[in-house]
Amino acid sequence: MATITASNSMKVQIGGDGVTEITTRTTIPLVSHLVTDEDIGALKGVKVKPIDLTRAVKLLTDPHSAQLYERHVNGLHRVAAKYRRGFLIRDCVEVFRILNICADRIAEQRCYIDVMCELLTICGLPVLKEKSSDEMTYEQIVMESMSQMGYLMRVPHSKVQIAITNALKTFYMRRPKNLEEVQGLQYTSPQFNKKVIEKSDVAETLVKWLSLLEDKMTVKLEVLKVLQLLSSDSEMNCQLMLKCGAASQICCAMNEQESSGHLLFVSVEILWNLLEHAGDVAGPQLCNLECVSAIKEAFQSLVISGCSDYERQLRNDLLVITTLIASNPDVPIVETGFAKQLVLFSTFSEVKSHNPLVRKLKLTQSPEDMEFKRMLTNMMIVLSKDGAAVQLMSEGKLLLSLFHYIRPNEDKSQPREWSPAQFEELQLHAMSALCTLSVLMMEDYMMCQGNTRLLLLLEWCIAEDVNFSGHGNAFHGAGGRGNKKAQMRGCLRLLRAVVSHGDENTNQDLCDQGIISQLLNILEPLSKQDSDDIVDIEMQCDMLYILSTLCENDLHRKELFGSKGVDILVHYMQSNPKKISSGLGHNRLMLTAVDAIWCCCVGCFVTEDYFLEKEGIFLLIDLLQECPRSMHNLLLGCLLELCENPKTIPHIHTWRGKEDSSAPHLFIQMWRYEEQRIKVKRNPEGCIADVTAALAGQIQLDHGVTPQPHTASSVSIVDVYENLRAKIYAVFARLGFSDVPGLTTEDYVTLAIIEKYLDFKVGEVWNEIREELRVESVRPITPDNEAMETIARASVERAKGVAVLQNELLDAESQQNAQDEKQLYAEIKENFKQRENSIQRWSDYVKRTSEHGYLQMSKKKQDKSIESSRVKPRYRNERFSGTTKHSTKIENLNTTTFQGRDIRIDDTPRQVAGDTELEVLPPIVTEKSEKAHPEFF
């Protein structure tokens, strides 16, 4: 706050000597217009007053003061004390210039060690920025500074090197909690710190220094800890480390002697991070003989001598790393003997072995040992891709150890055995492994009586057993809590894998043990349940697939399938087709049911006839109408096979769908949809638009003809099995192309193309042959050339003939439509004419009742008409000569209607006439004739 001083004068009389003038000064305060946060005390934190670091650099480099080492050290200590809360981001260049000068002089003057460590500790703190944009402005400078920190590892002193590693760890991690705030400044964000480390070459520099720190195990361990931190959550750092071969270098050195025992743990952690973030690069670096031998040595030592949870976890981590690199086909895991060792560790608890490695080895119920057992089983699946490893598994009796778990579960366990929940988890895991391993070792599978074990377990799964309830904790135990679904699903999966292998002896053994009837007994109640459970649907799919595979090429097994199996399939076909798109697996269930019809029913007359008796053809076509296009191929194939039975054709003709449509109409609609999908050229009426390409789609035309080897299929042949037209043609070849009921003119137009499908396809193939010879500059001999030209002309002429037939059909339809239209108009005209006649008759009737003269004239016309309708006198005399004539005319009758014996006379009602005394006289009836009063009609 500033002040202004003003002068005022005043006169004061003292005594009698006169007046004395006294001057006084008044101070007026002046308020400033700018008030800072510092003025009012609003700033928080410690105030830091920056200093000029160029003076410190000059002190170190000036020739006159270059030898004043104590003064240098004292000055740098004052700098460190001034910046103990962090360096300014704009001072990074001077700070690392000072550090480099100190690093170069340490070899001669060790007095710089402590102050350099002090400065490095401050470098580990986040950098202070004055503006929000400083991170963007000084990013490159900070990145180069971090690279310089890595280069400082050249200082040949452990204390400085450890200080560098500590600074890097502190800088890369989050901001320390006890770090005080600084007035007017902010620390850089953790994201910025991480980014500058990633863009620098610190990780690469530290990996290069590992090979130079063989005699400094403490420093080497600290460097590894830094690399562990850098690789924990950064793919970029992992890539930089692998660029220098970090994975191979760290793996080969992880078994070195180290007193604390942390070297192996840190090395394994780094390898895990490298495989996780850059496995495609780290994996090949570990696939050499030295790395696999080092992993084997460390793993064997931990398995045999490891007793603590820490060592068991480290053992499991090494096994995970081995699993990851074992998927590489070039890894020498068999050559080093590691594969044989892993097989031994996988089987020793179930198969007795005299190997000294496992003589005193025991697995407990601890979670680490449980995890170890599961990972060993998973490792066997990975190794099964190598044929040499499969041979080792066979020699080590791996399947026998896995089949140890294929037995009914128990609620209680013996001491030193797996608990019921652990046994269930290992059981399900063993089933999953057997699905892969059994098909590779079928001889061992049969020696272990695998079929018998599986069928007995399947029988236990469907039995009512209140003493067991599944825990459902494992990955493979989904949906199995409180029931046996998990075991049943695993058993069926294993049976499916064994059956799919195609070994006839194994399949025959299953059939001899009654698997067909056993599966049918399980499916019978399930097919009648409308369940949406995914596990139930999957098990039903597996059972139907097993039955299809077993019965596909064996007539006797189809007879065993019999009517009971057909009833089950009919139940599946009668399910709601809308569930196919529900996403719960009903589409797979329906596909396996259709496949079972094809494999288990078709080809056996007994099952085929019973399937037809159960209206199976109707159900197939119903499903064909409702299901998505992806299922049409299988359904048409099954229907085509059934058409070999003559009894099928009447069922197809009898079927009626929505809007009373017929099956041929449905097939033709599918043909048109297929042509629209592949963009075949057709005119709006569906006729052939291009006679040179009657069947080719747009993709086929755009592809053109290119030279191909003789083993490759041409575009025309590929088109046969890429769409449904070939199957639709084959179905119509069974049904016939004429006298097909339920078709419209549009259908007959399409049917004309379907009828010539084979001819058109043959023409397409010959055209491709000609074009391919032309592209390859090969000229056929003259007779062959003439034959191909004749075939081409015949194909075009046939297409023209079909086009003419289609136009005739359309013309006939248009003529029939015109005739129908004329007939409709005639009927309408006749209806209007009858209405006019009715109006005319009513008008005439009213006129006769109101005009007596018109009534008399009408009477004369009536008499004349009666007279003209009689037989002529001459003809009558000749024929009725000598007979008596009687008159049929009633005299004095004034009506124009022919009367009966009773006459009903209508009169105006009294209420209308207004005359209450008027009476209607009754008719006078004589004995011979009936007369009426002359009332007008």
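Anything mentioned here points back to the structure above.
One structure accompanies this document, and this report is about it. A quick note: this is a predicted structure, and the numbers were derived from the prediction, not measured.

1. Comments concerning the overall build of the chain
Within the chain, the regular secondary structure consists of 43 helices and 4 strands. Counting the 937 residues in the chain, one finds 43% classified as buried. Intrachain contacts of the chain at a sequence separation of at least 6 include 75% that bridge at least 24 residues.

2. Topic: empty space enclosed by the protein
Tallied over the entire structure, the rule returns 5 cavities of 30 Å³ or more. Approximately 90 Å³ is the volume found for the largest cavity. Residue lining of the largest cavity: Phe 87, Cys 92, Phe 96, Ile 122, Cys 123, Leu 125, Pro 126, Val 127, Val 142, Ser 145 and Met 146, and that is the complete set. Taken together, the elements giving at least two residues each to the lining of the largest cavity come down to helix H4 (92-105), helix H5 (112-123) and helix H7 (139-151). Counting residues per element, the lining of the largest cavity draws most heavily on H7, at 3 residues. Its residues assigned to classes, the lining of the largest cavity comprises 10 nonpolar, 1 polar and no charged.

3. Quick word on helix H11 (residues 217-231)
The end-to-end C-alpha distance of H11 is 21 Å, a good match for the 21 Å that 15 residues give at a rise of 1.5 Å each. With 13 of its 15 residues buried, H11 lies for the most part within the structure.

4. Some details on the packing of helix H9 (residues 190-199) against helix H12 (residues 235-243)
Each pair of packed helices can be described by the angle between their axes along with the distance between the axes. It is the contact of H9 with H12, at a shortest axis distance of 9 Å, that shows an interaxial angle of 20°. Comparing their axes, H12 and H9 come out roughly parallel. When you trace H9 past H12, the crossing you get is left-handed. Contact residues: Ile 197, Glu 198 and Lys 199 in H9; Met 236, Asn 237 and Leu 240 in H12.

5. Quick look at the nonpolar core
Ranked by size, the top nonpolar core spans 244 residues in total, and within it Met 116, Met 254, Leu 342, Leu 383 and Phe 667 carry the most contacts. Look past the residues within four positions of Met 254 in its chain and what remains in contact with it is Leu 263, Leu 264, Ser 267, Val 268, Leu 271, Ala 294, Ile 295, Ala 298 and Leu 318.

6. Looking at the environment of Lys 761
Secondary-structure assignment places Lys 761 in helix H39 (residues 757-775). On a C-alpha basis, the gap between Lys 761 and Ser 716 in space is 7.3 Å, while along the polypeptide they are 45 residues apart. Here Lys 761 is in contact with Leu 695, Ser 716, Asp 719 and Val 720, once residues within four sequence places are set aside.

7. So, the packing of aromatic side chains
This model, assessed by the stated rule, comprises 14 aromatic pairs. Here Trp 671 and Tyr 757 contribute two aromatic rings whose centre-to-centre distance is 5.7 Å and whose plane-to-plane angle is 85°, an arrangement assigned as edge-to-face. In this pair, Trp 671 sits in helix H34 (residues 663-677) while Tyr 757 sits in helix H39, placing the two residues 86 residues apart along the sequence. Of the two residues, Trp 671 and Tyr 757, both sit in the buried class. An aromatic cluster is defined as three or more aromatic residues linked by ring pairs; in this entry it consists of Phe 667, Trp 671, Tyr 729, Phe 732, Phe 737 and Tyr 757. Note that Arg 725 overlies the ring of Trp 671, its terminal NZ or CZ placed 5.8 Å from the centroid. In this arrangement the basic side chain of Lys 847 is found over the ring face of Tyr 854, its NZ or CZ atom lying 4.7 Å from the centre.

8. Brief notes about the pattern of salt bridges
Scanning the entire structure with this criterion turns up 43 salt bridges. Across the pair Arg 798 and Asp 759 runs a salt bridge, and its minimum N-O distance is 3.6 Å. Of the two residues, Arg 798 is situated in helix H40 (residues 782-850) and Asp 759 in helix H39; the sequence distance between them amounts to 39 residues. Given the relative accessible area of 30%, Asp 759 is considered partly exposed.

9. A look at unusual backbone geometry
A positive phi angle, close to 60°, is found at Lys 397, a residue other than glycine. One can find Lys 397 in the loop between helix H19 (387-395) and helix H20 (398-402). Its identity as a non-glycine residue notwithstanding, Asp 660 has a phi of 60°, on the positive side. With respect to the helices and strands, Asp 660 occurs in the loop between helix H33 (648-654) and H34.

The rules behind the values
- Residues numbered from 1 in each chain as written.
- Predicted model: local features only at pLDDT ≥ 70, side-chain atom pairs only at ≥ 80, totals over all residues.
- Heavy atoms only, no water.
- Helix = DSSP H or I, 4+ residues; strand = E, 2+ residues; numbered from the N terminus.
- Buried < 20%, exposed > 50% of the residue type's maximum accessible area, 1.4 Å probe, protein only.
- Contact = heavy atoms within 4.5 Å.
- 1 Å grid on protein atoms, 1.4 Å probe; cavity = no way out; pocket = protein on both sides within 12 Å on 5 of 7 lines; lining within 4 Å.
- Points joined across faces, edges and corners; volume = space filled by probe spheres on them.
- Nonpolar A, V, L, I, M, F, W, Y, C, P; charged D, E, K, R; others polar.
- Expected span 1.5 Å × (residues − 1).
- Axes fitted to C-alpha atoms, helices over the stretch in contact; angles between N-to-C directions.
- Parallel < 35°, antiparallel > 145°, perpendicular 65-115°, else oblique.
- Left-handed = near helix turned anticlockwise from the far one by under 90°.
- Core = buried A, V, L, I, M, F, W, Y, C linked by side-chain atoms within 4.5 Å.
- Phe/Tyr/Trp six-rings, centres within 6.5 Å; stacked < 30°, edge-to-face > 60°.
- Lys NZ or Arg CZ within 6 Å of the ring centre and 35° of its normal.
- Salt bridge = Lys/Arg side-chain N within 4 Å of Asp/Glu carboxyl O.

Interpretation in functional terms is not warranted from these geometric data alone.
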